[in-house]
Amino acid sequence: MWDDRYSERGFAYGDEPNTFLAENVDKLAAGKILCIAEGQERWDTIVSTFGYLPGPLRRDVHKRVEKALKPWRWFVLEAYREEQLRTWGSCRPSASMSDMFMNGRSLREELGRIGI
């Protein structure tokens, strides 16, 4: 089901801005915003919305986020929790993808000084 959902042409969730990000963009500092996997240097704000990464890669990306983010700036993260693996409907990811989902403990460890 998961593979079918994302093998289709076009946008699985439409081409409108992410609702969470659109509702919170006015709270972010003015300046350059990095959406994960784009650009380089130090950023005012870094955004990650539903980026599914295997655990080891996600931990590496989060360490890089910590280094790339300017002091006292924002990292905005929207992600699914481990608990949601049990409650999803037809587009449920497989159990083998469980390390791609996050919890508060792992995020506190991975994000270090940024905090949650």
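The structure this text deals with has already been given above.
Enquirer: Where do I start with the overall build of the chain in this structure?
Expert: A tally of helices and strands in the chain yields four helices and three strands. Its helices and strands taken in sequence order, the chain reads α-α-β-β-α-β-α from the N to the C terminus. Burial analysis of the chain (116 residues in total) assigns 29% to the buried set. Taking the intrachain contacts of the chain between residues at least 6 apart in sequence as the baseline, contacts between residues at least 24 apart amount to 64%. Accessible area of the chain: about 8,000 Å², with a carbon and sulfur share of 53%.

Enquirer: What's the story with helix H4 (residues 104–111) in this structure? I'm lost.
Expert: Structural remark: α-helix, 3.6 residues per turn; residues separated by three or four positions point the same way. Ser-106, Leu-107, Glu-110 and Leu-111 are the residues of H4 that are buried. Looking straight down H4, one finds its buried side chains confined to an arc of 115 degrees; they lie on one side. In H4, those exposed residues whose orientation departs by more than 90 degrees from the buried face are Arg-105, Arg-108 and Glu-109. Looking at the buried side of H4, the elements it contacts are helix H3 (55–68) and strand S3 (69–78). N-capping of H4 is provided by Asn-103, with a side-chain oxygen placed 3.1 Å from the backbone N of Arg-105. Positive phi shows up at Gly-112, right after H4, with a value of about 45 degrees.

Enquirer: What exactly am I supposed to notice about the environment of Glu-82 here?
Expert: Considering the arrangement of structural elements, one finds Glu-82 in the loop between S3 and H4. Between the C-alpha atom of Glu-82 and that of Asn-103, which follows or precedes it by 21 residues, the distance is 6.5 Å. Setting aside chain neighbours within four positions, we find Glu-82 in contact with Phe-101, Met-102 and Asn-103.

Enquirer: What should I look at first to understand the pattern of salt bridges in this one?
Expert: Here the idea is simple: oppositely charged side chains can pair when their charged atoms come close. Across all of its chains, the model carries four salt bridges by this definition. A salt bridge links Arg-58 to Glu-110; its shortest N-O distance comes to 2.8 Å. Placement of the pair is Arg-58 in helix H3 and Glu-110 in helix H4, with a sequence separation of 52 residues. Arg-64 is paired through a salt bridge with Asp-60; the nearest N and O atoms lie 2.9 Å apart. With Arg-64 and Asp-60 both in helix H3, this residue pair falls four residues apart, about one helical turn. Among the residues examined, Asp-60 registers a relative accessible area of 35% and is labelled partly exposed.

Enquirer: Whenever I open this one, the nonpolar core confuses me. Can you help?
Expert: The nonpolar side chains of a soluble globular protein tend to be buried with one another. With ten residues, the main nonpolar core is built from Leu-34, Ile-46, Val-61, Val-65, Ala-68, Leu-69, Phe-75, Met-102, Leu-107 and Leu-111. Every element with two or more residues in this core is listed here: H3, S3 and H4. Tallying contributions element by element places H3 first for this core, with three residues.

Enquirer: Please clarify how the side chain of Glu-66 should be interpreted in this entry.
Expert: Mapping Glu-66 onto the fold places it in helix H3. The exposure class assigned to Glu-66 is buried, which follows from its relative accessible area of 15%. When residues no more than four places from it in sequence are discounted, the contact partners of Glu-66 are Glu-110, Leu-111, Gly-112, Arg-113 and Ile-114.

Rules behind the numbers
- Residues numbered from 1 in each chain as written.
- Predicted model: local features only at pLDDT ≥ 70, side-chain atom pairs only at ≥ 80, totals over all residues.
- Heavy atoms only, no water.
- Helix = DSSP H or I, 4+ residues; strand = E, 2+ residues; numbered from the N terminus.
- Buried < 20%, exposed > 50% of the residue type's maximum accessible area, 1.4 Å probe, protein only.
- Contact = heavy atoms within 4.5 Å.
- Areas by Shrake-Rupley, 256 points an atom, 1.4 Å probe, with all protein chains shown as cover.
- Arc of directions from axis to C-beta.
- Polar contact = N/O pair within 3.5 Å; in protein donor to acceptor, adjacent residues only side chain to side chain.
- Salt bridge = Lys/Arg side-chain N within 4 Å of Asp/Glu carboxyl O.
- Core = buried A, V, L, I, M, F, W, Y, C linked by side-chain atoms within 4.5 Å.

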